[in-house]
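Now for the letters of each chain:
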Amino acid sequence: MKRRDFITLLGGAAAAWPLTARAQPSAQRAKIGVLYPGLASAMPSRIAALRDGLQAIGYREPDNVEFVVRSTGGDPTRTMPLAIELVERKVDVILAASAPAVNAARSATTAIPIVALDLESDPIGSGLISSLSRPGGQVTGIFFDFPDFSKKWLELLREAIPKLGSIAVLWEPATGPVHIKAVEIAAKELNVKVEIMDVPGISNLDDSIFAASGKGVDAILMLSSALIGANAEYLAGLTLGLRLPAVTLFPDFARRGGLMAYGINTVSIFRQSAPIVAKVLRGAKPSEVPAELPTKFELVINLKTAKRLGIVFPTSILLRADEVIE
């Protein structure tokens, strides 16, 4: 059984990116609001995946669906105003990508259904939903409720760097405590010292990574956040330039020059969300639409970067990888 199969079995105008259809308004057209607390440049591929998924089940732009997409540009102070803007636009559903977006949408409205793409929260433990099969409230969606991944990231780093003694962990506080707590527990088990670097916004990204480098850590782990996912190429170049071995949740990080990544294909979860969005648009209550877990996980290793960092990956990792970049 493949690793990802096993895991699956476990269970504002300046900041806005205008994707709204240009066709004449139609009384039959559903409005899908998308709230993304990251860079607008990351949105085209994600919206394309959502559009393709919806088209496969009968929703075609601009005939009967309109996208109203809002991106904060990495500025956390814009999340709430843009959530309110979507409510004022009278969207029929809000697709909230990330925990901060979900929280902002819930604060902005109690009437509009919310489909979450939340890779940071424990949805049941936090009270966001009652259960995956029957959410029971205003929110349903896709959740990455696998805190054990924190230990897997550290184990991968330990295999690649046998003398691993310390790591820096980039963490956006607005995403919540689930994964950072899991990292601290895993690091204690593996006897690895942790330096937590808060990244409250995109303007803090460089400072946090340079500070991590200055502490002389052996590697860096970047936890799930729209700021991290939307800046994969930049972060790959920065960590390589500082000679910091790095791992994160987002496979694009390794594909763009980072050392390795193990986790979710973010484009695929936008496509996965399409049937959930469609059910809500057709009148189903979020409380009765089952929430889901991601269905696709990838381990991507970049051997070019490893060579430049003087790291030799053991065969045990390479054989488990879904993709090896040579």
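Coordinates for the structure precede this section.
What counts and how
- Residues numbered from 1 in each chain as written.
- Predicted model: local features only at pLDDT ≥ 70, side-chain atom pairs only at ≥ 80, totals over all residues.
- Heavy atoms only, no water.
- Helix = DSSP H or I, 4+ residues; strand = E, 2+ residues; numbered from the N terminus.
- Salt bridge = Lys/Arg side-chain N within 4 Å of Asp/Glu carboxyl O.
- Buried < 20%, exposed > 50% of the residue type's maximum accessible area, 1.4 Å probe, protein only.
- Pairing = 2+ DSSP bridges.
- Axes fitted to C-alpha atoms, helices over the stretch in contact; angles between N-to-C directions.
- Contact = heavy atoms within 4.5 Å.
- Phe/Tyr/Trp six-rings, centres within 6.5 Å; stacked < 30°, edge-to-face > 60°.
- Parallel < 35°, antiparallel > 145°, perpendicular 65-115°, else oblique.
- Left-handed = near helix turned anticlockwise from the far one by under 90°.
- Nonpolar A, V, L, I, M, F, W, Y, C, P; charged D, E, K, R; others polar.
- Arc of directions from axis to C-beta.
- Expected span 1.5 Å × (residues − 1).

A. Layout of unusual backbone geometry. That bond from Glu61 to Pro62 is cis: its omega, 5°, falls within 30 degrees of zero. Mapping Pro62 onto the fold places it in the loop between helix H2 (43-55) and strand E2 (65-71). Positive phi, close to 110°, is recorded for Ser98, a residue that is not glycine. Tracing the chain through its elements places Ser98 in the loop between strand E3 (93-97) and helix H4 (99-108).

B. Expanded view of the pattern of salt bridges. What the rule picks out here adds up to 14 salt bridges. Put simply, Arg29 and Glu66 hold a salt bridge, and the shortest N to O gap is 3.7 Å. With Arg29 in the loop between helix H1 (3-9) and strand E1 (30-36) and Glu66 in strand E2, this pair connects stretches of sequence that are 37 residues apart. Glu66 carries the same exposure label as Arg29, and that label is buried. Arg255 is the partner of Glu323 in a salt bridge, and the nearest nitrogen-oxygen pair spans 2.9 Å. With a gap of 68 residues between them, Glu323 in strand E12 (residues 323-325) and Arg255 in helix H10 (residues 251-255) connect regions that are remote in the sequence. Residue classification places Glu323 among the partly exposed residues on the basis of a relative accessible area of 30%. Members of the salt-bridge network, linked through shared partners, are Asp252, Arg255, Lys296, Glu298 and Glu323.

C. Focus on the sheet that holds E2. Read across the open sheet, the 5 strands follow the order E2-E1-E3-E4-E5; overall the sheet is parallel. The open sheet terminates on both sides in strands that have one partner only, identified here as E2 and strand E5 (139-143). Each strand axis lies, on average, 20° off the axis of its neighbour in the sheet, ignoring direction. Where strand E4 (residues 114-118) and E5 come together, 5 bridges link them in parallel fashion. Residue pairing in the sheet places Val115 in a bridge with Thr140 of E5. Of the strands in this sheet, E1, E2 and E3 touch H2, which is tilted by about 145° from E1.

D. Up close: the packing of aromatic side chains. Counted under the stated rule, the structure contains 5 aromatic pairs. A ring pair is formed by Phe144 and Phe297, whose centres lie 6.3 Å apart and whose planes are at 40°; its orientation type is tilted. Here Phe297 lies in strand E11 (residues 297-302) and Phe144 lies in the loop between E5 and helix H5 (149-160), a separation of 153 residues in the sequence. Each of the two residues, Phe144 as well as Phe297, counts as buried. Centroid distance Phe149 to Trp153: 5.9 Å. Interplanar angle 70°. Geometry classified as edge-to-face. Here Phe149 and its partner Trp153 are both found in helix H5, 4 residues apart, which amounts to about one turn of the helix.

E. Summary view of the packing of H5 against helix H6 (residues 178-189). At a minimum axis distance of 8 Å, the contact between H5 and H6 shows a crossing angle of 45°. Taken as axis vectors, H5 and H6 run oblique relative to one another. The element H5 and its partner H6 pack so that their crossing is right-handed. Across the interface between the two elements, Ser150, Lys151 and Leu154 of H5 pack against His179, Ala182, Val183, Ala186, Ala187 and Glu189 of H6. Counted by class, the contact of H5 with H6 contains 5 nonpolar, 2 polar and 2 charged residues.

F. Up close: helix H7 (residues 205-214). Every buried residue of H7 is listed here: Leu205, Ser208, Ile209 and Ala212. Buried residues of H7, viewed axially, fall in a sector of 95°; they line one side. Among the exposed residues of H7, those oriented more than 90 degrees off its buried face are Asp207 and Gly214. Looking at the buried side of H7, the elements it contacts are strand E6 (166-171), strand E7 (193-198), strand E8 (219-222), helix H8 (226-229) and helix H9 (232-241). Following H7 by one or two positions, Gly216 has its phi on the positive side, about 70°.

G. Expanded view of the side chain of Ser166. Tracing the chain through its elements places Ser166 in strand E6. Once residues within four sequence positions are removed from consideration, Ser166 is found in contact with Val192, Lys193, Gly216, Val217, Asp218 and Ala219.

H. Inspection of the sheet that holds E8 at higher detail. Taken together, 7 strands build an open sheet; the order of strands is E7-E6-E8-E9-E10-E11-E12 and the sheet is mixed. Each of the sheet's edge strands pairs with one partner strand only, and the pair in question is E7 and E12. If you compare each strand with its neighbour and ignore which way they point, the axes differ by 15° on average. The pairing of E6 with E7 spans 6 bridges and is parallel.

I. Layout of H2. In this model, H2 (13 residues) spans 18 Å end to end at C-alpha, consistent with the 18 Å of a helix rising 1.5 Å per residue. Every buried residue belonging to H2 is among Met43, Arg46, Ile47, Ala49, Leu50, Gly53 and Leu54, and all of these are buried. Buried positions in H2, seen along its axis, are confined to an arc of 155° and lie on one side of it. Taken together, the buried residues of H2 touch E1, E2, E3, H8 and helix H11 (266-281).

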